[in-house]
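Here is how the chains run, residue by residue.
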Amino acid sequence: MQKRKVYIETYGCQMNVADSEVVAGIMDNNNYAMANDAAEADVIFVNTCSVRDNAEHRVHQRLQTLKKYKSNSPGVVIGVLGCMAERLRAELIEKGNIVDLVVGPDEYRKLPELVENAFSGEKGIAVRLSRVENYDDIVPLRTEGVSAWISVMRGCDKFCTFCVVPFTRGRERSRSVKSVLEEVRRLSDAGFREITLLGQNVNSYRDGDSDFADLMEAVSSVDRSIRIRFTTSHPQDMSEKLIRTIAENENICKYIHLPVQSGSDRILKLMNRTYTSAQYLQLVEKIESIIPAVSLSTDIIAGFPTETEADYKQTLEVMKQVRYDGAFMFKYSPRENTKAWEMGDDVSDEIKVQRLNEIIELQQKISLEQNQPLVGKTVEVLVERESAKSSDEWMGRTDANKVTVFPKGNAKIGDLIKVKVHKVNSATLFGMIEQAKKEIPEYRVAVNL
Ligand code: SAH
Ligand code: SF4
Ligand code: F3S
C-alpha cells in the first residue's frame, strides 16, 4: 500500500522549526511519507505561533485557504499544532469546521494515533503540557542542508509579563548532555557544517551539574570543523563562565542574541525582565571585554503599556550605546492571560507605529555603520544556498551571522571560504571569493632572482 503523505507548514520561532522536524520524525517512524506540497498530502499540519496577534492572524487566514483542500478531498486531515493549539484549544475546531486535530507542543507523540482516529472521522484535542517531555529519543527528520537545529531545552520559567510562551510551552526542562552529544555526532557524520542549540532561554539549560557553558564546551569539541551557535539567551543567565567558553572555543560563533526589550528601568520592571538598563550595559561591557570581536543583536518592543516618550527615548539610548549589529523590533501586542494584559494597552497604535519606525530607522543606520568598516576586509563565510536574487551567486553567513552574497566561483554549498567584501548595506555584505594565493614554485623564484 502506498504510504500516506504529510505536509507540514511552520510559523513562528526556530523552536517551532525544530519541532516540525520532530513531528516529521514521529510520522516517518509511523510509516508516513513527507509531501512537499499541501495539494498532494493526506495530512496537513500547521505548526503555529501565538507570540503576537499578527502571527495568529496569518494562521487564521491560512486555515481559510486550506479549506479548498478539504472540499476537494474531504478525507484530508487538517491539524493545528504548536502554540496556537495550546492557547486556543477547542475554539480552533469549533471555528469554521475544517480543523480535525489540535495538538500542543508537548503532545506530538500522540499524533499518529490521533491522525488514525481522524481518518475515521473522530476529531481530537491533545494539549496537556508536560514537565518532562523533551523528545530526547526522537530523531528529527531534517531536510538535507548545511545547518541543523537542536532543541536542548523546552519551555520557559521567566514569565516576562508580555509573553505567552510560558503558557504555550510550559515549564523549563532540559535534555541530557549525553543525548545532545549523540545528536551532534550524528549530525557531524551526516555532513552538517553548522549546529544551533535552541531554547527559549537556552542559557538556563541544566542537566545535573552541567550548565549551558559545560554543554557548549562539550558540543564544540565533538567536531571542531562544525560551527556552533545558540539562541536565545536571557541576560540574567549570561554567566561569565559562558562568555569565556564562547571566547575560548574557536568554532563557537562570536555572536550573541541578547534581547533587551526596553531601555527604561521602569518598563523593564513592569516587564519582569529582572535587570536594569545599567546592569544590561555592564553585561555588554563584560562580554565585549572578554570577546572583543563579538557581534550582538537584540529584540525590542515599542509601546508596552504606560510607555512614555521619555521611556522610549531611553530605549534609543541603549541602542546607541550598545550599537547592535542587528535587531528584531516589534510593536507591543497584548496577549490574553499575561500579566501585561491586565495593564491595559494605553499606547495608541499610531504612537506605537511611530516609535517602532524610529527604532527601525536608528537600527538600520547603526547596522550600516557597523558593516561599513568591513569593506575591503576578508570574512569567512559558510556557503548556505543560492542567493534569492541571482542563480549566479551564493548566499552564506559570517561567524558574526552577517548575510554575505558573492559570485559562485568554484565554491559549493557547505564550503567554508574566504570572501573579500567590496560593498555593504545595513543587512548584507557583497563580495568576491578570495583566491587562495598561488605558491610560486621554487625554480621560478630562482630564475627570477
Ligand atoms: N525567549 C526568547 C524569545 C521570545 S519571543 C527571549 O526571551 O528572547 C521573541 C520576541 O518576541 C521577544 O524577545 C519579544 O521581543 C517579542 N515579543 C514577545 N511577546 C510579545 C508581545 N506580546 N508583543 C510584542 N512583542 C513580543
Ligand atoms: Fe517570553 Fe520572557 Fe520567556 Fe523569552 S524569557 S520566552 S520573552 S517569557
Ligand atoms: Fe511563537 Fe511559540 Fe515560538 S509563541 S515564538 S512559536 S514558542
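Residues numbered from 1 in each chain as written. Chains lettered and ligands numbered in written order. Predicted model: local features only at pLDDT ≥ 70, side-chain atom pairs only at ≥ 80, totals over all residues. Heavy atoms only, no water.

(A) Quick look at the overall build of the protein. Broken down by element type, the protein carries 14 helices and 21 strands. Considering only C-alpha atoms, the protein reaches an extent of 85 × 60 × 45 Å along its principal axes. Per-residue burial for the protein yields a buried fraction of 53% across its 449 residues. Considering only contacts within the protein whose residues lie at least 6 apart along the sequence, 72% involve residues at least 24 apart. (Helix = DSSP H or I, 4+ residues; strand = E, 2+ residues; numbered from the N terminus. Buried < 20%, exposed > 50% of the residue type's maximum accessible area, 1.4 Å probe, protein only. Contact = heavy atoms within 4.5 Å.)

(B) Just the packing of aromatic side chains, in detail. Enumeration according to the criterion identifies seven aromatic pairs in this entry. Aromatic pair tyrosine 108 and tyrosine 135: ring centres 6.0 Å apart, planes at 15 degrees, arrangement stacked. Taken together, the residues tyrosine 108 in the loop between strand S5 (101–103) and helix H5 (111–119) and tyrosine 135 in the loop between strand S6 (124–126) and strand S7 (147–151) connect sequence positions 27 residues apart. For the pair shown, tyrosine 108 and tyrosine 135 are each scored as buried. Ring geometry for phenylalanine 162 and phenylalanine 304: centres 6.4 Å apart, planes at 85 degrees, overall edge-to-face. (Phe/Tyr/Trp six-rings, centres within 6.5 Å; stacked < 30°, edge-to-face > 60°.)

(C) Region of interest: the pairing of strand S4 (residues 77–82). Counted residue by residue, S4 has six buried out of six residues, so it is predominantly covered. The pairing of strand S3 (residues 43–48) with S4 spans six bridges and is classified as parallel. Bridge pairing links isoleucine 44 to isoleucine 78 in S4. Read as a crossover between parallel neighbours, the route from S3 over helix H2 (residues 53–72) to S4 is right-handed. The sheet contact formed by S4 and S5 spans three bridges and is parallel. Counted as the bridge partner of glycine 79 is leucine 101 from S5. (Pairing = 2+ DSSP bridges. Right-handed = clockwise from strand over helix to strand, strands pointing away.)

(D) Expanded view of the site of ligand 3. Near ligand 3 you find Cys13, Asn16, Thr48, Cys49, Ser50, Val51, Cys83, Val165, Arg169 and Gln200, and these make up its full shell. Here the residues of the shell around ligand 3 are counted per class, giving five nonpolar, four polar and one charged. In terms of domain composition, the shell around ligand 3 takes at least three residues from each of domain 1 (5–126) and domain 2 (147–371). (Near = heavy atom within 4 Å. Nonpolar A, V, L, I, M, F, W, Y, C, P; charged D, E, K, R; others polar. Domains from an automatic or database assignment.)

(E) Structural detail: the environment of glutamate 86. Considering the arrangement of structural elements, one finds glutamate 86 in helix H3 (residues 83–88). Looking at glutamate 86, the relative accessible area reads 2%, which means it is buried. The spatial distance from the C-alpha of glutamate 86 to the C-alpha of valine 405 is 39 Å, given a sequence separation of 319 residues. Here glutamate 86 is in contact with Gly104, Pro105, Val127, Leu129, Phe167 and Thr168, once residues within four sequence places are set aside.

(F) Broad picture of the packing of helix H12 (residues 309–322) against helix H13 (residues 349–371). Remark: H12 packs on H13, axes separated minimally by 10 Å, with the N-to-C direction vectors making an angle of 15 degrees. When the axes of H12 and H13 are compared, the pair comes out roughly parallel. For H12 against H13, the interelement crossing comes out right-handed. Contacts between H12 and H13 involve Glu309, Tyr312, Thr315, Leu316, Met319 and Lys320 on the former and, on the latter, Arg355, Glu358, Ile359, Leu362, Gln363 and Ile366. The class makeup of the residues in the contact of H12 with H13 is six nonpolar, two polar and four charged. (Axes fitted to C-alpha atoms, helices over the stretch in contact; angles between N-to-C directions. Parallel < 35°, antiparallel > 145°, perpendicular 65-115°, else oblique. Left-handed = near helix turned anticlockwise from the far one by under 90°.)

(G) Spotlight on the site of ligand 1. Neighbouring residues of ligand 1: 15 residues in total, closest Phe162, Gln200, Gln261, Asp299 and Ser333. The contact in question runs from an oxygen atom of ligand 1 to an N or O atom on the side chain of arginine 52, over 3.0 Å. In this structure, a nitrogen atom belonging to ligand 1 sits 2.7 Å away from a main-chain N or O atom of serine 333. For the shell around ligand 1, the secondary-structure elements that each account for two or more residues are strand S15 (295–302) and strand S16 (326–331). Within the shell around ligand 1, the residues separate by chemical class into six nonpolar, four polar and five charged. (Polar contact = N/O pair within 3.5 Å; in protein donor to acceptor, adjacent residues only side chain to side chain.)

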